[in-house]
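Architecture at a glance
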Amino acid sequence: MKSKSDYITYKLKKADESLHAAQVLPDNKLYADALTKIYYAAFHAISALLIEKELNPKTHTGVKSLFHKEFIFTGIIDKSFAELFDVLLAKRFEADYEVFAFINEEKIPSQLEQTQQLIKIIKEKFQYKSND
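Let us look at the structure shown here.

**So, the nonpolar core**
- Core analysis: the largest hydrophobic core is formed by 39 residues, its most contacted members being Ile46, Phe67, Ile77, Phe85, Leu88, Leu118 and Ile122.
- Contributing elements (two or more residues each) for this core: helix 1 (4-24), helix 2 (31-52), helix 3 (60-72), helix 4 (79-97) and helix 5 (108-125).
- Setting aside residues up to four positions removed in sequence, Ile46 forms contacts with Val63, Phe67, Phe85, Leu118 and Ile122.

Right under this line is the structure:
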């Protein structure tokens, strides 16, 4: 059985991998895929935070709810990142499931940058380091 530390390390590695993919996909005009990867970068990093607190939600909305409760409402992480995650969750759902999804490609660079900031804060606040 893997340890909590192993799980956290794995989730942060997945966050880094998703960020990397999100950086290269727009170059090929794959905006919906880039948006999905931005969302998953945030999702994996936030999941690492939750597992640190022994929380393991079973759904994406569960991750959202617990992120708000444990880290936003308590002031540990700035509420702007909750707003970012909420938008990313909604847009990821739209990109994956709506027939005629509208992805504003002009917002992707700022969403990517904000997600990079969130992951950096998570790694710094909880002293996690990637093994790159």
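**Comments concerning the packing of helix 4 against helix 5**
- Axis separation between helix 4 and helix 5 bottoms out at 11 Å; the angle between their running directions is 125°. Classified by the interaxial angle, the pair formed by helix 4 and helix 5 is oblique. Viewed along their axes, helix 4 and helix 5 form a crossing whose handedness is left-handed. The residues of helix 5 that touch helix 4, namely those facing Phe81, Leu84, Val87 and Leu88, are Gln111, Gln114, Thr115, Gln117, Leu118 and Ile121.
- Among the residues making up the contact of helix 4 with helix 5, the classes are represented as 6 nonpolar, 4 polar and no charged.

**Digging into the packing of aromatic side chains**
- Within the structure shown, the criterion is met by 7 aromatic pairs.
- Summarising the aromatic geometry, the rings of Tyr39 and Phe85 are spaced 5.4 Å apart at their centres and angled 25° between planes, so their arrangement reads as stacked. Note that Tyr39 is positioned in helix 2 and Phe85 in helix 4, a separation of 46 residues in sequence.
- Among the residues examined, Phe85 registers a relative accessible area of 0% and is labelled buried.
- Its end group placed over the ring of Phe71, Lys53 keeps NZ or CZ at 5.5 Å from the ring centre.

**Quick word on the side chain of Thr36**
- By the secondary structure assignment, Thr36 is in helix 2.
- Residue class for Thr36 comes out buried when judged on its relative accessible area of 11%.
- Other than its neighbours up to four places away in sequence, Thr36 contacts Arg92, Ala95 and Asp96.

**A look at the pattern of salt bridges**
- Under the counting rule described, the total for this entry stands at 7 salt bridges.
- Salt-bridge contacts for Lys123 lead to Asp16; the nearest nitrogen and oxygen are separated by 2.8 Å. Of this pair, Lys123 sits in helix 5 while Asp16 is found in helix 1, placing the two residues 107 residues apart along the sequence.
- The exposure class of Lys123 is buried, given its relative accessible area of 15%.
- Classification of Asp16 by relative accessible area gives buried; the value is 18%.

Criteria and thresholds
Residues numbered from 1 in each chain as written. Predicted model: local features only at pLDDT ≥ 70, side-chain atom pairs only at ≥ 80, totals over all residues. Heavy atoms only, no water. Core = buried A, V, L, I, M, F, W, Y, C linked by side-chain atoms within 4.5 Å. Buried < 20%, exposed > 50% of the residue type's maximum accessible area, 1.4 Å probe, protein only. Helix = DSSP H or I, 4+ residues; strand = E, 2+ residues; numbered from the N terminus. Contact = heavy atoms within 4.5 Å. Axes fitted to C-alpha atoms, helices over the stretch in contact; angles between N-to-C directions. Parallel < 35°, antiparallel > 145°, perpendicular 65-115°, else oblique. Left-handed = near helix turned anticlockwise from the far one by under 90°. Nonpolar A, V, L, I, M, F, W, Y, C, P; charged D, E, K, R; others polar. Phe/Tyr/Trp six-rings, centres within 6.5 Å; stacked < 30°, edge-to-face > 60°. Lys NZ or Arg CZ within 6 Å of the ring centre and 35° of its normal. Salt bridge = Lys/Arg side-chain N within 4 Å of Asp/Glu carboxyl O.

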